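Okay, here's what each chain looks like letter by letter:
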Amino acid sequence: MRTVITIEARMRSSRLPGKVLLPILGAPMLLRMIERLRRVRRVDAIVVATTEHPADDPIVAVADRAGVGVHRGSEDDVLGRVLGAAVAAGADLIVEMTGDCPLADPAVVDQIIHTFATNQVDYCANILAPTYPRGLDAQVFPTRVLAEVATLTSDRADREHVSLYIYQHPERYRLLNVASGLAPHVADIRLTVDTPEDFTLITAIYEALYPLNPRFGLAEILELVGERPDLLALNQQIRQKAVR
């Protein structure tokens, strides 16, 4: 199966516009994320799924600079945009990622892809019963499943949150969650970027770890924040927006 990572990215986010191109150690956040995802072993290609809005032209430029694919589609119909990106990239299997996760861990993504491949399921992810920090999310499902979903729902939330319909219909799709095996409190750590406070934390983690080891992963992040509880205090008051 041809496996493709799709990264949803746009400039006009509601809480922190332009966040995907904010600089981390001199490079756009999206480029830092792509740098990490290139180390996923079980993937054939990466494609950035952005919008047709002119505001997203700089995202296209960054993707071109990184040498990854780009697909432009609807700003509101993210499901349709990701499906279009997958089809354009010839993907049999989609690894759905969002551009606000610059600390994505290649080992975690590989584990989820491997778990999908070795089980008879339609969807495999680490978000159904969260045990990883928010921001290390990855969801894996066949392109044919997303194509079917596209014909089944026009609900606004379903179209905005690409795989929502899949995991909210376990009577139709076989679902499998991947657990981290880490301490329960790890799931409360917020490593995604929705707000300035989030970005301050992510930048601090990069500044502490990247110069010493550009390939740092979740283990190094958890060791750092364990030693520096002041870092997690930077965004502990931020709450994730509800999907509905």
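On a predicted model such as this, the values are computed, not experimentally measured, just so you know.

S.K.: Please explain the overall build of the protein chain as it appears in this structure.
M.R.: Of the regular secondary structure elements, the protein chain holds ten helices and nine strands. Taken over the C-alpha trace, the protein chain has a radius of gyration of 17 Å; the compact-globule value for 244 residues is 18 Å, and the two agree within 12%. Principal-axis analysis of the C-alpha atoms gives the protein chain an extent of 45 × 40 × 35 Å. Counting every position in the protein chain, which comprises 244 residues, the buried fraction comes to 54%. Sequence-distant contacts in the protein chain: of pairs separated by 6 or more residues, those separated by 24 or more amount to 71%. Of the accessible surface of the protein chain, which amounts to about 10,700 Å², a share of 51% is contributed by carbon and sulfur atoms. When the 26 basic and 31 acidic side-chain charges of the protein chain are each reduced to a single mean position, those positions are 1 Å apart.

S.K.: Please explain the pairing of strand E8 (residues 139-142) as it appears in this structure.
M.R.: Two faces, one strand: in a regular strand the side chains alternate between the faces of the sheet. The alternating pattern of E8 places Gln-139 and Phe-141 on one face and Val-140 and Pro-142 on the opposite face, and all of these are buried. Sheet topology places strand E6 (residues 93-98) next to E8; four bridges connect them, and they run antiparallel. Across the sheet, the residue bridging to Val-95 is Val-140, located in E8.

S.K.: Help me understand helix H3 (residues 78-88), please; the structure alone is not making it clear to me.
M.R.: Turn by turn, an α-helix covers 3.6 residues, leaving residues three or four places apart pointing in a common direction. For H3, the buried fraction is high: eight of the eleven residues fall into the buried class. Along H3, the residues classified as buried are Val-78, Leu-79, Arg-81, Val-82, Leu-83, Gly-84, Ala-85 and Ala-86. Following H3 by one or two positions, Gly-90 has its phi on the positive side, about 70°.

The rules behind these values
- Residues numbered from 1 in each chain as written.
- Predicted model: local features only at pLDDT ≥ 70, side-chain atom pairs only at ≥ 80, totals over all residues.
- Heavy atoms only, no water.
- Helix = DSSP H or I, 4+ residues; strand = E, 2+ residues; numbered from the N terminus.
- Rg over C-alpha atoms; globule rule 2.2 N^0.38 Å.
- Buried < 20%, exposed > 50% of the residue type's maximum accessible area, 1.4 Å probe, protein only.
- Contact = heavy atoms within 4.5 Å.
- Areas by Shrake-Rupley, 256 points an atom, 1.4 Å probe, with all protein chains shown as cover.
- Lys, Arg positive; Asp, Glu negative; His and termini not counted.
- Charge placed at Lys NZ, Arg CZ, Asp CG, Glu CD.
- Pairing = 2+ DSSP bridges.

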